[in-house]
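Notes for the structure review
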Amino acid sequence: MSASVTVSVTRHIEPSQADRMVAWINAGASLAERFEGFLGTGWVRPSQQSREWHMLYRFDSQQALERWEASEQRRWWLQSAQGIVGESIEERRTGIEGWFDQPVSSDVADLRPAPAAPPRWKQGTVIWMAFFPLNLLATWVLSMLLPEATPLPLRVFVGTVLLTPVMVYVALPTLTSWMSWWLHGEPPPWRRGTRA
């Protein structure tokens, strides 16, 4: 299971070019939505006179993002902004925070805020729910496989090398998917649609 990737880009333009910028963003969104794995895009600026435009786009995997970024369509789209867009700052986000985000698909003109990340204590609880049983199992198995005289740092090293990929690629994505309702304060799936 591949983690989704959100790209945040800050672009600078003159306020007088706002109409052209909106048209350019809409064109980019129309091109990107034709690519498999595209989850959505959005933009916001601090005020009508601001030179800064903050844009987000999201793909369901690094591979899907790379297909978009290497495409002729994107290259053409970026070139079409010559003379409109100034410097850009780009940031990519994956990892633990990304696991807890709800997928958001929004139109470029839709400025509703994305759902907030779950409280840290809930994120910590889900991580613990995945880590504890895996760590317990790994400790038990390694105690049978490694000689008793194996130094503690070596035991911990072997355990973390084995557990990290299992946590990152299997346990956390699966558990956060199963526990999404709880993380985001929704009723459990077996209770949806019933009246209290």
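Reference entry: report on the structure contained in this document. Note that the coordinates shown come from a computational prediction; the quantities given were computed from them, not determined experimentally.

Here we look at the nonpolar core
Counting residues in hydrophobic clusters, the biggest one holds 23 residues, and the most contacted among them are Met21, Trp53, Tyr57, Phe59 and Trp68. Ranked by the residues each element gives to this core, the list is headed by helix α1 (residues 18–32), at six residues. Tyr57 has contacts with Val5, Thr6, Val7, Val9, Phe38, Gly40, Thr41, Leu65, Trp68, Glu69, Arg74 and Glu90, leaving out every residue within four places of it along the chain. One finds Ala130, Met167, Leu172 and Leu175 within the second-largest nonpolar core, a separate group that totals eight residues.

A few points about the environment of Trp43
Relative to the elements of secondary structure, Trp43 occurs in strand β2 (residues 38–44). Residue classification places Trp43 among the buried positions, given a relative accessible area of 15%. Separated by 11 residues in sequence, Trp43 and His54 place their C-alpha atoms 5.5 Å apart.

Thoughts on α1
The first and last C-alpha atoms of α1 sit 21 Å apart over 15 residues, in line with the 21 Å expected at 1.5 Å per residue. Within α1, the full set of buried residues consists of Ala18, Met21, Trp24, Ile25, Gly28, Ala29, Leu31 and Ala32. Projected onto a plane normal to the axis of α1, the buried residues spread over an arc of 160° and lie on a single side. Residues of α1 that are buried make contact with β1 (5–12), β2, β3 (52–59), α2 (62–69) and α3 (72–79).

Let's talk about the environment of Gly40
Note that Gly40 resides in strand β2. In this structure, the C-alpha to C-alpha distance between Gly40 and Arg58, residues 18 residues apart in sequence, is 5.6 Å.

Some points on the pattern of salt bridges
Counted under the stated rule, the structure contains two salt bridges. Across the pair Glu14 and Arg51 runs a salt bridge, and its minimum N-O distance is 3.2 Å. With Glu14 in the loop between β1 and α1 and Arg51 in the loop between β2 and β3, this residue pair connects regions lying 37 residues apart in the sequence. Owing to a relative accessible area of 42%, Glu14 belongs among the partly exposed residues under this scheme. Across the pair Glu72 and Arg75 runs a salt bridge whose closest N-O atoms are separated by 3.0 Å. Of the two residues, Glu72 and Arg75 both sit in helix α3, three residues apart, roughly one turn of that helix.

Quick word on a nonpolar patch on the surface
Taken together, the side chains of Trp128, Met129, Phe132 and Leu136 define a hydrophobic patch exposed on the protein surface, amounting to about 420 Å² of accessible area. Classification of Leu136 as exposed rests on a relative accessible area of 52%.

With respect to the side chain of Thr176
Its place among the elements puts Thr176 in helix α6 (residues 152–178). Among the polar contacts made by the side chain of Thr176, one reaches the main-chain carbonyl oxygen of Leu172 at a distance of 2.7 Å.

Considerations on the packing of aromatic side chains
A complete count under the given rule lists nine aromatic pairs for this structure. Between Trp24 and Trp77, the ring centres sit 4.1 Å apart and the planes meet at 5°, which makes this aromatic pair stacked. Pair noted here: Trp24 is in helix α1 and Trp77 is in helix α3, with a separation of 53 residues, a long-range link. Across the pair, Trp77 and Trp24 agree in class, each one buried. Taken together, a centroid distance of 5.4 Å and an interplanar angle of 65° make the contact between Phe38 and Phe59 edge-to-face.

Side note on the packing of α1 against α3
In the contact formed by α1 and α3, the axes pass within 10 Å of each other and the chain directions differ by 180°. As judged from the angle between their axes, α1 and α3 are roughly antiparallel. Contacts from Trp24, Ile25, Ala27, Gly28 and Leu31 in α1 reach Gln73, Trp76, Trp77 and Leu78 in α3. For the contact of α1 with α3, the residue count by class is seven nonpolar, two polar and no charged.

Cut-offs and rules
- Residues numbered from 1 in each chain as written.
- Predicted model: local features only at pLDDT ≥ 70, side-chain atom pairs only at ≥ 80, totals over all residues.
- Heavy atoms only, no water.
- Core = buried A, V, L, I, M, F, W, Y, C linked by side-chain atoms within 4.5 Å.
- Buried < 20%, exposed > 50% of the residue type's maximum accessible area, 1.4 Å probe, protein only.
- Helix = DSSP H or I, 4+ residues; strand = E, 2+ residues; numbered from the N terminus.
- Contact = heavy atoms within 4.5 Å.
- Expected span 1.5 Å × (residues − 1).
- Arc of directions from axis to C-beta.
- Salt bridge = Lys/Arg side-chain N within 4 Å of Asp/Glu carboxyl O.
- Patch = residues over 30% accessible without salt bridge, like charges linked within 9 Å, V, L, I, M, F, W, Y side chains within 5 Å.
- Areas by Shrake-Rupley, 256 points an atom, 1.4 Å probe, with all protein chains shown as cover.
- Polar contact = N/O pair within 3.5 Å; in protein donor to acceptor, adjacent residues only side chain to side chain.
- Phe/Tyr/Trp six-rings, centres within 6.5 Å; stacked < 30°, edge-to-face > 60°.
- Axes fitted to C-alpha atoms, helices over the stretch in contact; angles between N-to-C directions.
- Parallel < 35°, antiparallel > 145°, perpendicular 65-115°, else oblique.
- Nonpolar A, V, L, I, M, F, W, Y, C, P; charged D, E, K, R; others polar.

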